[in-house]
Amino acid sequence: MLPPADDPPDLGVPPNRGPLPVRRNPNSNPHAHSSQLRDLRPQGIRGGRGHRGGGRRGSFCSMRRSLACVVVISAFFIVVMMVMQYKIGKSEQGSSLEEFAGMMLHFGQASSFERLGEREGLDHLRSDIRIGVRKPTLALILGNMKHSPPLLMLFTVIKNLQGLGYLFKIYAVDDDNSRSIWEQIGGQVSILSPEIYSRIDWTVFEGIIVDSVEAQESISSLMQEPFCSIPLIWIISEDTLAKRLPFYEKMGWEHLVSYWRSAFSRADVVVFPDFSLPMLYSVLDTGNFFVIPASPIEVWAAKSYAKTHSKYQLRGDLGLNRDDMLVLVVGSYFFYSELSWDYAVAMNEIGPVLIKYARGKDAGPMFRFLFLCGNSTDGYNGHLKEVASHLKLLPGSVRHYGMNSDVNGLMLMADIVIYASSQAEQGFPPLLTRAMSFGIPVIAPDLPDIRKHVVDGVHVVTFPKKNSNALMRAFSLLISNGKLSKFAEAVAFSGKQLAKNMLASECVNSYAKLLKNVLSFPSDVLLPGHFSQSQIDDWEWKSFRAADMPHIESGSASMKISSVVHVLEENLSNQLGSENISNSEADNDVLTQLDWDDLREIERIEEIERLEMEEIEDRMETDPGIWDELHRNVRKAERAHFEANERDEGELERTGQPLCIYEIYNGVGAWPFLHHGSMYRGLSLTKSGRRLTSDDVDAVDRLPFLNDTYYRDILCDIGGMFSIASRVDKIHRRPWIGFQSWHAAGRKVSLSSSAEKVLEETIQGRTKGDVLYFWAQLDVDDGHTQENHIPTFWSMCDILNGGNCSLTYLFRTTFEDAFRQMYGLPSYKEALPPMPEDGGYWSALHSWVMPTPSFLEFIMFSRMFADSLDALHMNSSQSMNLSLATNSSQPTVCLLGSSKLEKRHCYCRVLELLVNVWAYHSARKMVYINPNTGELEEQHPVEERRGFMWAKYFNNTMLKSMDEDLAEAADDDDGDRRRWLWPLTGEVLWQGIYEKEREERYRLKMDKKRKAKEKLVERQKKGYKQKAIGRR
């Protein structure tokens, strides 16, 4: 009987030996520590010493002949086990026992870790000057909210990550009993539905963590632009899908396998809690699998099972006595179905133990050795009985149980567990954790991953592998007079306490390190704390009541059957079945070479007949037909190609409207955020992402350079504005024009119906003055600012652009340098336009309305500023000698961002704020319209700007003169750079262009007259001859 768990038992060590040392970290000097433990063990049970001589009696051989005896027994067991292996039929020709014993299955996640390690992570960012004002925000999507071990692990991780400085927004696929504990971390939990999936702007998060296969639908919503570049971590703890993959391959459902493979490939990292799952999911591996081997599932299983089962009741059910000493022999969980060689080595090692304890006929308790391997129908039991009879062991002393039996029950009723595998696994063996959780003393070989987590003689008793003498000594330590020794009870107690929270700290730190390498941290984000600051020793057991811990069947990793897997299987398999039928019919009709020859001959004859009919029709007079029929044919052709004139129902609704707001978007994922109505029209930055059923404007058609991903990414929304401004009369003939990013709807700052009505009535009643209406205000703190003061315009620009917008102490005043280069100002003259600190609002997200002539003036200024900004980056790249090493046609540095995503959209954030500088210094009235109520409020009144505005730099006459100078230089091909952005962003017009066009038209006209005259003279000389019909 084991003592109560709350009362640590006596260690059974004589007083003169001192207390048994207990250390949590055995790695400092493991060899010295193991020798120290041998000295501290009771003298009566220490074996193998030379000074003891042959005074010991009752052993299976005298100490004088111990070495020879061990050799003989080892040889005998090798022969017996090879015979046993042959009978089972699982051996391979030409392989020896030692070769099989040395095998090791290894999940190669080193490549995944190296791929993540190539990223700069936080180490590089910590060394730079940053102006962070908000916490990094992550979205957590829970596929299953039922109380389960994976949920306990995830809750522990998320709670500690929150302590490092992360902010979480929690979503769930369904509601369940753990909602209250999640609300302690992330506030209100949002329950997802198909409608809600499409209304979430995932770009507001630095990353997304998805838990469970059940959340697969959220993965699908993240596979479309503009969400496919958001870092995604997918945690998978279930094996339900893995069990179905072999069936899919057997049935030939490659489409279903490809569907899941594409979903797995979307994740930056797919995380598994143990090393068996990535092997089961290997069919779906695209190089992003990663293992964090830490889960409380074994402890959970032991706790839940021990509440409903009794040790002695289980023994009675199996016909075992209460006083029997049950020794459970387990092995590597990677070889559940093929353990013969692994157990042959185990039998070889524990042979002396069997002979000593299972052969004796004393009146004391009977020793029974239970081997847990394979399945109960694999024939292991008969072969073990055959081995027992060869060794003359007592009947019933050796039994076999399969892994499909009650593993928890076998462990609960065992007195000692021997981990007999020689496989060097990755991670701590789960079966050992479960045995320790039941409070069973464990004997295990000193494998690296076992030594890493436990202390020999404290939590388990270890022995050198393939050393029968050491195993005998370790086993003897746990036995005293046919019962468990005090030392065994101490080891069992310490092991149970350790197993309860084993690997919790490593789990949290591993996830913190993973986030550091996967996420990109924008310039306005506060960096999280270092993962070493997370000091955690326990799983969050206190948040999960014992009554809410459902029982887990032995060997089951999932708490329920995944509904998503079976629903997708049913839907896609039906589709695949119909496709397979059509494919099989098509395969039966294969064309031969003779068929191809006949086909080519038929085509040649038809071509000759077609040419003859065309020549005959050309020489015959034809009736043009009725005018109504011709008109119908023309209208039919126009309807078939409505893109040519870009008029549909939406365009007709906008006829007569004074305002059109173009909603800029990039990708299919942004479609649900777009508005429908006469006031709005979509503006797609990509061809593939344009709505086909609407009359959205294709920016690439109007400005072909946007088809280049590089230009489209660095300019973002303002690239779409450039496309509208180019030949604006062909697409926009209204007095007012507006723009709105699709992000405005995603962040709940788009115009409501009442605000739209107020805006429309306001612009219709305004006939004088120039004004800018905007409704999305610049707000960088997002409610989590760490400082109390209100940031100024330029400080907000610095926050959003890596501190390099206007801060002089960084010597990187990018806006000032671009402005200076644009106007050719000398270095001693100030070039940063002053902006007021009056606490007013500023425009953001390109959500504003202004008169169309003012828009064209703003675009003229923006094109020149963007070109100057691009030239500044090109010069910086060349000065750093980076352009020559990579691509000389594009800048290779970004002065306005620190993260990878910011560098990809380098100019976007400063160009988003440019309209404020232009409107303020060009004396435009700036009016903020509340997007919810429609209330109007003027910002930065024009009267208060006197003495602060740099009106001369924003004068329309000056800007036009600069624009014409650039157009003349572009027309003369006078660019001194290999790559010049300005001519690509719009029309190139100046007076010389008009003169050249007039001269070109006159030249073409004269050439046409000359050719007509020459043709007439030729006919007069030689006459007209008709070609013969049928000749080519």
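Scroll up to find the structure.
Just so it is clear, the structure is predicted and the values come from calculations on it, not from any experiment.

## Digging into helix 6 (residues 149-163)
An ideal rise of 1.5 Å per residue puts 21 Å on 15 residues; helix 6 measures up with 22 Å between its terminal C-alpha atoms. In terms of residue burial, helix 6 counts as a mostly covered element, since twelve of its 15 residues are buried. Those residues of helix 6 that fall on the buried side of the exposure criterion are Pro149, Pro150, Leu151, Leu152, Met153, Leu154, Phe155, Thr156, Val157, Ile158, Asn160 and Leu161. Just downstream of helix 6, Gly165 is the residue with a positive phi angle, here 120°.

## A closer look at helix 11 (residues 254-266)
Spanning 13 residues, helix 11 covers 18 Å between terminal C-alpha atoms, matching the ideal 18 Å at 1.5 Å per step. Here helix 11 has its buried residues at Leu256, Val257, Trp260, Ala263, Phe264 and Arg266.

## A few points about the packing of helix 18 (residues 430-437) against helix 21 (residues 486-500)
Contact geometry for helix 18 and helix 21: axes closest at 7 Å, N-to-C directions at 120°. On the basis of their axis angle, the class for helix 18 and helix 21 is oblique. Seen from above, helix 18 lies across helix 21 with left-handed handedness. Only Gly495, Lys496, Leu498 and Ala499 of helix 21 make contact with helix 18, whose side of the interface consists of Thr433, Met436 and Ser437.

## A word on the packing of aromatic side chains
The relative placement of two aromatic rings is captured by the distance of their centres and the angle of their planes. Under the criterion given, the structure shown has 43 aromatic pairs. Between Phe227 and Trp742 the ring centres are 5.8 Å apart and the planes differ by 75°, which places this aromatic pair in the edge-to-face class. With Phe227 in the loop between helix 9 (216-221) and strand 5 (232-235) and Trp742 in helix 30 (residues 742-746), the pair connects residues that are 515 residues apart, well separated along the chain. Accessibility classification places Phe227 together with Trp742 in one group, the buried group. When the ring of Tyr841 is compared with that of Tyr928, the centres are 4.8 Å apart and the planes differ by 70°; the resulting orientation is edge-to-face. Pair noted here: Tyr841 is in the loop between helix 33 (814-823) and strand 21 (848-851) and Tyr928 is in strand 22 (residues 925-929), with a separation of 87 residues, a long-range link. Residue class for Tyr928 comes out buried when judged on its relative accessible area of 8%. Among the aromatic residues, those joined into a cluster by ring pairs are Phe793, Trp794, Phe815, Phe819, Tyr823, Trp842, Phe861, Phe865, Tyr920, Trp950, Tyr953 and Phe954. The positively charged end of Lys169 is found above the aromatic ring belonging to Tyr171, 5.6 Å away from the centroid.

## Some points on a negative patch on the surface
Taken together, the side chains of Glu964, Asp965, Glu968, Asp972 and Asp973 make up a negatively charged region of the molecular surface. Tracing the backbone shows Glu964 in helix 38 (residues 956-971).

## Comments concerning the state of the cysteines
On inspection of all chains with the given rule, the structure shows three disulfides. Note that Cys797 is cross-linked by a disulfide to Cys805, the S-S spacing being 1.9 Å. The sign of the 75° torsion about the S-S bond sets the Cys797-Cys805 disulfide as right-handed. The buried category is assigned to Cys805, whose relative accessible area is 1%. Covalent S-S linkage joins Cys894 and Cys906, the inter-sulfur distance amounting to 2.2 Å. Disulfide Cys894-Cys906: the torsion about the S-S bond is 100°, which places it as right-handed. Here the residue Cys894 occupies a position in the loop between helix 34 (852-879) and helix 35 (900-904), and Cys906 occupies one in the loop between helix 35 and helix 36 (908-912), the gap between them amounting to twelve residues. The burial state of Cys894 is the same as that of Cys906; both residues are buried.

## Points about the packing of helix 13 (residues 297-308) against helix 18
Interaxial distance between helix 13 and helix 18 falls to 8 Å at its minimum, and their mutual angle equals 35°. Note that helix 13 runs across helix 18; the crossing there is right-handed. Residues Glu298, Val299, Ala301 and Ala302 of helix 13 form the contact with helix 18, whose participating residues are Pro430, Thr433, Arg434 and Ser437. Partitioning the contact of helix 13 with helix 18 into residue classes produces four nonpolar, two polar and two charged.

Thresholds, definitions, all that
- Residues numbered from 1 in each chain as written.
- Predicted model: local features only at pLDDT ≥ 70, side-chain atom pairs only at ≥ 80, totals over all residues.
- Heavy atoms only, no water.
- Helix = DSSP H or I, 4+ residues; strand = E, 2+ residues; numbered from the N terminus.
- Expected span 1.5 Å × (residues − 1).
- Buried < 20%, exposed > 50% of the residue type's maximum accessible area, 1.4 Å probe, protein only.
- Axes fitted to C-alpha atoms, helices over the stretch in contact; angles between N-to-C directions.
- Parallel < 35°, antiparallel > 145°, perpendicular 65-115°, else oblique.
- Left-handed = near helix turned anticlockwise from the far one by under 90°.
- Contact = heavy atoms within 4.5 Å.
- Phe/Tyr/Trp six-rings, centres within 6.5 Å; stacked < 30°, edge-to-face > 60°.
- Lys NZ or Arg CZ within 6 Å of the ring centre and 35° of its normal.
- Patch = residues over 30% accessible without salt bridge, like charges linked within 9 Å, V, L, I, M, F, W, Y side chains within 5 Å.
- Areas by Shrake-Rupley, 256 points an atom, 1.4 Å probe, with all protein chains shown as cover.
- Salt bridge = Lys/Arg side-chain N within 4 Å of Asp/Glu carboxyl O.
- Lys, Arg positive; Asp, Glu negative; His and termini not counted.
- Charge placed at Lys NZ, Arg CZ, Asp CG, Glu CD.
- Disulfide = S-S within 2.5 Å.
- Nonpolar A, V, L, I, M, F, W, Y, C, P; charged D, E, K, R; others polar.

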